[in-house]
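Listed here are the chains, written in short residue letters.
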Amino acid sequence: MSRIERAVEKLGLQLPPTPKPVASYVPAIQTGHYVHTSGQLPIVNGKMVATGIVGKDVTLEQGQEAAQACVLNALAAIRSVIVDLEEISQIVKMTVFIASAPDFSQQPEVANGASHLLEKVFGDKGSHARSAVGCSSLPRNAPVEVELTVEIHERVEFDK
Amino acid sequence: MSRIERAVEKLGLQLPPTPKPVASYVPAIQTGHYVHTSGQLPIVNGKMVATGIVGKDVTLEQGQEAAQACVLNALAAIRSVIVDLEEISQIVKMTVFIASAPDFSQQPEVANGASHLLEKVFGDKGSHARSAVGCSSLPRNAPVEVELTVEIHERVEFDK
Amino acid sequence: MSRIERAVEKLGLQLPPTPKPVASYVPAIQTGHYVHTSGQLPIVNGKMVATGIVGKDVTLEQGQEAAQACVLNALAAIRSVIVDLEEISQIVKMTVFIASAPDFSQQPEVANGASHLLEKVFGDKGSHARSAVGCSSLPRNAPVEVELTVEIHERVEFDK
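Attention in this report is confined to the structure presented alongside it.

What counts, and at which threshold
Residues numbered from 1 in each chain as written. Chains lettered and ligands numbered in written order. Predicted model: local features only at pLDDT ≥ 70, side-chain atom pairs only at ≥ 80, totals over all residues. Pairing = 2+ DSSP bridges. Helix = DSSP H or I, 4+ residues; strand = E, 2+ residues; numbered from the N terminus. Axes fitted to C-alpha atoms, helices over the stretch in contact; angles between N-to-C directions. Contact = placed C-beta atoms within 7 Å. Least-squares fit on C-alpha atoms with pLDDT ≥ 70 in both. Nonpolar A, V, L, I, M, F, W, Y, C, P; charged D, E, K, R; others polar. Parallel < 35°, antiparallel > 145°, perpendicular 65-115°, else oblique. Left-handed = near helix turned anticlockwise from the far one by under 90°. Buried ≥ 20, exposed ≤ 12 C-beta atoms within 10 Å, placed from the backbone.

### A closer look at the sheet that holds strand β2 (residues 34-37) of chain A
Residues and elements named next belong to chain A. Pairing in this open sheet of five strands is mixed, and the strands run β1-β2-β7-β5-β6 from one edge to the other. Sheet topology places β1 (28-31) and β6 (129-135) at the edges, where each strand pairs with a single neighbour. For this sheet, the mean angle separating the axes of adjacent strands, direction not counted, is 15 degrees. Packing against the sheet, helix α2 (residues 60-79) makes contact with β1, β2, β5 (88-99) and β7 (144-152), and its axis sits at approximately 40 degrees to β7. This element, helix α3 (residues 107-122), spans β5, β6 and β7 of the sheet and lies at about 160 degrees to β5.

Rendered as structure tokens:
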């Protein structure tokens, strides 16, 4: 188990199993010094942790937990294309999409559930640029969807 | 005609003409080993293929066709900055924005219209990371908007 | 004062002070030849320039001004991680998130407030790929949120 995975477990959390690639898109892709994940939903043990619109069907606290679950899935997605999460030299960018009613404005608080986890697990390397925006709805009625871009030490050579 | 354009035509589809740059933003931009497109709308022969909210004004099937039309426009945008689509070594990331009512949750099915086309045209190089999210509305009442990031063999040197 | 800052001032505008990093995410991050900003809100002198949904609570013109204010904050965020905005060799990508009612379709017009400013300040280097999408709501009831990716001359070495 890598240092990063131990850091996750010390928080009482667990990285989910490496996701299986679906048909035409993949959980994550490496290009050069970067890995980009697909948008990750808050699925734990095959089940969405909550469904619906944050601030209406889903509380702020549930939204924060959902954001955290999305990040764990994003890390599992990244692990599916690199050897060890320790290869991550910097979390670069996180976009947090939050299913929101028109009068909901606490997207940053929801997204903090995700940002704080990255900070705790990665320390300085976990600092990231972030956008949090309200969506009318999300896949499978998920309350939150998260995508990550991370920088890694070892680059993949470009096809020649 | 390049191999990629032939692959598109074999599917009974056609790459639209290279888009004209507008005032201050451009259809696509190359930087280093990457091309990023602007968000592309499902315009075919100058006309939006459908308008409105998917799941309300626009059926799932129409949404999938719209997503496919967006991808063709994205490929045309990329072709406006590189010599040949064959230079694409990997489709990296696709974001599919879908105009959605609050109770619509089939964004992945809509986005599959776009993902499947990339897979058919590019094969293994067409595998990509993907986010699909619901928007309250989109430019010109488009039901779908797609942006692509692709990796290319030849890098552009950075300004010195 | 750098040439870029002078160009901003000639337009009667002003770059805001460099933002302070918040807890676990940062205003902007540099990786390799790129700087990515966090999503920037239209805050001027500590106050949101307008709040609510564009086309409903906020006029198109106010939305355009808000988009411009977001860009100034994005440039200030970039300046917090590089020495001089003159180091920017190309504005690469801008995403403009616009709080929109389901029947609002003028996201491009709102986003032009941001694009035109980049063009005026950066000239050819200000051409960028752009996506503009409608969000159900945005943080702190902001009408607009903008994120930027820019290319810079000097690359940061990857951690080894």
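Still to come is the rest of the account.
### Focus: the relation of the copies chain C and chain A
Between the two copies, chain C and chain A, the superposition gives an RMSD of 0.0 Å; the rotation angle is 120 degrees and the shift along the axis is 0.0 Å. Seen this way, the second copy is the image of the first under a three-fold rotation axis. Interface overlap between copies is the fraction of interface residues in one copy that are interface residues in the other; for chain C against chain A it is only 8%, indicating separate surfaces.

### Focus: the interface of chain C and chain A
Contact with chain C, which involves 25 residues of that partner, is made by 30 residues of chain A. Of all the secondary structure elements, the ones that give two or more residues to the side of chain C that touches chain A are β1 (28-31), β2 (34-37) and β7 (144-152) of chain C. In the side of chain C that touches chain A, the residues fall into ten nonpolar, ten polar and five charged.

### A closer look at the interface of chain B and chain A
Contact residues are listed per partner, giving 30 residues for chain B and 25 residues for chain A. If you list the elements that add at least two residues to the side of chain B that touches chain A, you get β5 (88-99), α3 (107-122) and β6 (129-135) of chain B. In terms of residue count, β6 of chain B provides more of the side of chain B that touches chain A than any other element does, seven residues in total. Partitioning the side of chain B that touches chain A into residue classes produces ten nonpolar, 15 polar and five charged.

### Some remarks on the packing of α2 of chain A against α3 of chain A
Residue and element names in this part refer to chain A. Where α2 meets α3, the axes come as close as 7 Å, and the angle between the chain directions of the two elements is 40 degrees. Taken as axis vectors, α2 and α3 run oblique relative to one another. You can see that α2 and α3 cross each other, and the crossing is right-handed. Where α2 approaches α3, its residues Leu60, Gly63, Gln64, Glu65, Ala67, Gln68, Cys70 and Val71 are matched on the opposing element by Glu109, Val110, Ala111, Asn112, Gly113, Ala114, Leu117 and Leu118.

### Re the sheet that holds β7 of chain C
Within a beta sheet, neighbouring strands are joined by backbone hydrogen bonds and run either parallel or antiparallel to one another. Residues and elements named next belong to chain C. Read from one edge to the other, the open sheet built from five strands follows the order β1-β2-β7-β5-β6, with strand pairing classed as mixed. Bordering the open sheet on either side are β1 and β6 (129-135), each of which pairs with just one other strand. With strand direction ignored, the average angle separating the axes of adjacent strands in the sheet is 15 degrees. Summarising the sheet, strand β5 (residues 88-99) and β7 pair through nine bridges and their orientation is antiparallel.

### A look at the pairing of strand β2 (residues 34-37) of chain B
Look at any regular strand and the pattern is simple: side chains alternate between the two faces of the sheet. All names here are of chain B. Taking every second residue as pointing to the same face, both faces of β2 are buried, with Tyr34 and His36 on one and Val35 and Thr37 on the other. Between strand β1 (residues 28-31) and β2, which pair antiparallel one after the other, the connecting turn spans two residues, and glycine 32 there sits at a positive phi close to 55 degrees. The sheet contact formed by β2 and strand β7 (residues 144-152) spans three bridges and is antiparallel. In the sheet register, histidine 36 faces β7, and the bridge partner there is threonine 149.

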